[in-house]
Amino acid sequence: MLKALFLTILTLALVKSQDTEETITYTQCTDGYEWDPVRQQCKDIDECDIVPDACKGGMKCVNHYGGYLCLPKTAQIIVNNEQPQQETPAAEGTSGATTGVVSASSVAASGVLPGGGFVASAAAAAGSEGQTSRNNFVIRRNPADPQRIPSNPSHRIQCAAGYEQSEHNVCQDIDECTAGTHSCRADQVCINLRGSFTCQCLPGYQKRGEQCVDIDECTIPPYCHQRCVNTPGSFYCQCSPGFQLAANNYTCVDINECDASNQCAQQCYNILGSFICQCNQGYELSSDRLNCEDIDECRTSSYLCQYQCVNEPGKFSCVCPQGYQVLRSRTCQDINECETANQCREDEMCWNYHGGFRCYPRNPCQEPYILTPENRCVCPVSNAVCRELPQSIVYKYMSIRSDRSVPSDIFQIQATTIYANTINTFRIKSGNENGEFYLRQTSPVSAMLVLVKSLSGPREHIVDLEMLTVSSIGTFRTSSVLRLTIIVGPFSF
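Residues numbered from 1 in each chain as written. Predicted model: local features only at pLDDT ≥ 70, side-chain atom pairs only at ≥ 80, totals over all residues. Heavy atoms only, no water.

1. Focus: the overall build of the protein chain
So the rule is basically this: Secondary structure elements follow DSSP: runs of H or I no shorter than four residues count as helices, runs of E no shorter than two count as strands, and numbering proceeds from the N terminus. Only the protein chains shown count as cover for residues, and all accessible areas are computed by the Shrake-Rupley method using a 1.4 Å probe.
Per the secondary structure count, the protein chain includes four helices and 37 strands. For the protein chain, the exposed surface amounts to about 31,100 Å²; the carbon and sulfur share of it is 50%.

Quick look at the structure:
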């Protein structure tokens, strides 16, 4: 913006007598100038210094006399202040009174001079120096430098409030902030201005009246991601448990406790803002939710193992008593020692039962019985002693589990030789003193031994089962015995 100033000052001097001279001047200046009472002249106002943001849009401010320009930052400026001084000669008057007119011309223009230079500023104002003509006219000239220092250095100038006289006898701004003459409070910052100063609050505070009060940044969301803590003049962000501040000190990110500080005794699973612990199979979380305690499976159930449960860290195992082996991890199966290793002699035979084995004579026959190829003990007819004894004795062995449920059919006896016109009867001859057994005839030639009382082992019962054969016409009678050895195992399996 170019502000053109045209200044024409008309001064009228009236000389009433040859002995008296009076100079009349005007102290009001046009726009862009202000009156200097010391120099008694109008001086230019530097708008670029006092007008805030004088130029917009990235333009730069260039001051000139009476105004200022807004130019691009790349513009080149050539200043030409060599304007010729113009003096108007005094006019002569008559009748003893002389009247003179002094014309001080001022040019304030911007343009292109014939020489080719761009004039940024060129101005002249009514000066304080004058030249008196022979006819007592006052001639005032335009000084080449309107800001020059007065020729009389001893003359002191008067400065406005906020300014002081410098060593060059010009008014300069007083920095009240540096001099310590400001009135700012201890909790305020002094900012120097031209001719004055201002008091500002520290960052994080705002003015309320003459005092600076803290700004509660936590009431102005969204400063913090989760939690905001206000402090005098500032604030900081906090995160909830399980989170930590990111590098921007604002956002909260999840903490992977399983990587950072794994407190779980066995397995750790990270979740948003926390973590959970889990235990391996056979363990359970303790009350602190971190450690793992072994589960005593044997205590929780009595049906895990057929015989005995043994608790181990994180698991359990089943064991079986001597004479048994573990089958499918939980059940017990009898070991047939007769098929593996036994201590029976050559003249003995091994008989396996539930939980063990026994050795019996290969020839159980006792006098007067003799062993036949059919493994039967027969008393010869030729021997008179045999007339009162059973004709034959057959030895049999069987094994039952302890505490077997009753009644229970356990053994069947049957005639091997059938005679015509005979009647067979069956009875328990011995070994049933306590009434544990009952013999039930199932056919004319067979009978079933029934267990009627539960037996607990380990125990051995020898029961003689007799079959009596009688001729229907009463011509003969005979008997045979089956000697049954019943071994009751020590367990119910």
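There's more to say after this.
2. Quick word on the nonpolar core
Put simply, the test is: Note on terminology: a nonpolar core comprises buried Ala, Val, Leu, Ile, Met, Phe, Trp, Tyr and Cys residues joined through side-chain atoms within 4.5 Å. A simple rule labels every residue: compare its accessible area, found with a 1.4 Å probe on the protein chains alone, to the largest value its type can have, and call it buried under 20%, exposed over 50%, or partly exposed in between.
Counting residues in hydrophobic clusters, the biggest one holds 21 residues, and the most contacted among them are Ile410, Phe411, Phe437, Leu449, Leu465 and Ile486. Every element with two or more residues in this core is listed here: strand 31 (392–400), strand 32 (408–414), strand 34 (437–443), strand 35 (446–451), strand 36 (459–471) and strand 37 (477–488).

3. Notes on the packing of aromatic side chains
Applicable threshold: Here a pair means two rings of Phe, Tyr or Trp (six-membered ring of Trp) with centres within 6.5 Å. Their orientation is stacked below 30 degrees between planes, edge-to-face above 60, and tilted elsewhere.
In the structure shown here, the tally under the stated rule is eight aromatic pairs. Where Tyr307 meets Phe491, the ring centres are 5.3 Å apart and the plane angle is 75°; that geometry is what we call edge-to-face. Placement of Tyr307 in the loop between helix 4 (297–300) and strand 23 (308–312) and of Phe491 in the segment after strand 37 is noted, with a sequence separation of 184 residues between them. Aromatic rings pair up to connect Tyr307, Tyr324, Phe491 and Phe493 into one cluster.

4. Focus on the confidence of the model for the protein chain
Operational definition: pLDDT expresses, on a scale from 0 to 100, how confident the predictor is about each individual residue. Contacts are assigned to residue pairs with any non-hydrogen atoms lying within 4.5 Å of each other.
Residue-level pLDDT values for the protein chain average 79, and 78% of them are 70 or greater. Model confidence for the protein chain, summarised as mean pLDDT per element, is weakest for strand 1 (residues 5–15) at 30 and strongest for strand 35 at 97. The model gives residues 1–25 a pLDDT under 50, and that stretch makes 52 contacts with residues more than four places away or in other chains.

5. Section: the environment of Glu374
Along the chain, the position of Glu374 falls in the loop between strand 29 (370–371) and strand 30 (377–378). Judged by relative accessible area, which is 55%, Glu374 ranks as exposed.

6. A look at the UniProt feature "domain: EGF-like" (unreviewed entry) in the protein chain
Stated formally: UniProt positions are given in the numbering used here, feature names are shortened, and annotations may be inferred rather than shown by experiment.
Mapped onto the present numbering, the UniProt feature "domain: EGF-like" (unreviewed entry) falls at residues 173–213, 214–253, 254–293 and 294–333. Along residues 214–253 the backbone is 0% helical and 40% strand, and the end-to-end C-alpha distance reaches 29 Å. Secondary structure across residues 254–293 comprises 10% helix and 40% strand; the distance between its end C-alpha atoms is 29 Å.

7. Regarding the pattern of salt bridges
The cut-off we apply is this: Put simply, a salt bridge is a Lys or Arg side-chain nitrogen that is within 4 Å of an Asp or Glu carboxyl oxygen.
Per the counting criterion, the structure on display carries 11 salt bridges. Between Asp49 and Arg194 there is a salt bridge whose closest N-O contact spans 2.3 Å. You can see Asp49 sitting in helix 1 (residues 47–50) and its partner Arg194 sitting in the loop between strand 11 (188–193) and strand 12 (196–201), a full 145 residues away along the chain. On the basis of relative accessibility, which here comes to 48%, the residue Arg194 falls in the partly exposed class. With a closest N to O distance of 3.6 Å, Asp409 and Arg440 form a salt bridge.

8. Here we look at the sheet that holds strand 33 (residues 422–430)
Applied cut-off: In this description, strands pair whenever DSSP reports at least two bridges between them.
What the six strands build is an open sheet, ordered 29-30-31-37-36-33; its pairing is mixed. This sheet does not close on itself; its edge strands, each paired only once, are strand 29 and strand 33.

9. Looking at unusual backbone geometry
The step from Glu367 to Pro368 runs through a cis peptide bond, and the omega angle for that step is 5°. For the bond from Gly457 to Pro458, the omega torsion is -5°, close enough to zero to count as cis. Secondary-structure assignment places Pro458 in the loop between strand 35 and strand 36. With a phi close to 55°, Asn249 is a non-glycine residue in the positive phi region. With respect to the helices and strands, Asn249 occurs in the loop between strand 17 (243–245) and strand 18 (252–254).

10. Looking at the state of the cysteines
Applicable threshold: Note on terminology: pairs of cysteine sulfur atoms within 2.5 Å are recorded as disulfides.
Under the definition given, this model contains 20 disulfides. Sulfur-sulfur distance for the disulfide between Cys201 and Cys212 comes to 2.0 Å. Given an S-S torsion of about -85°, the disulfide between Cys201 and Cys212 has left-handed geometry. Of this pair, Cys201 sits in strand 12 while Cys212 sits in strand 14 (residues 211–214); the two residues are 11 residues apart in sequence, bridging distant segments of the chain. Given a relative accessible area of 17%, Cys201 falls into the buried group.

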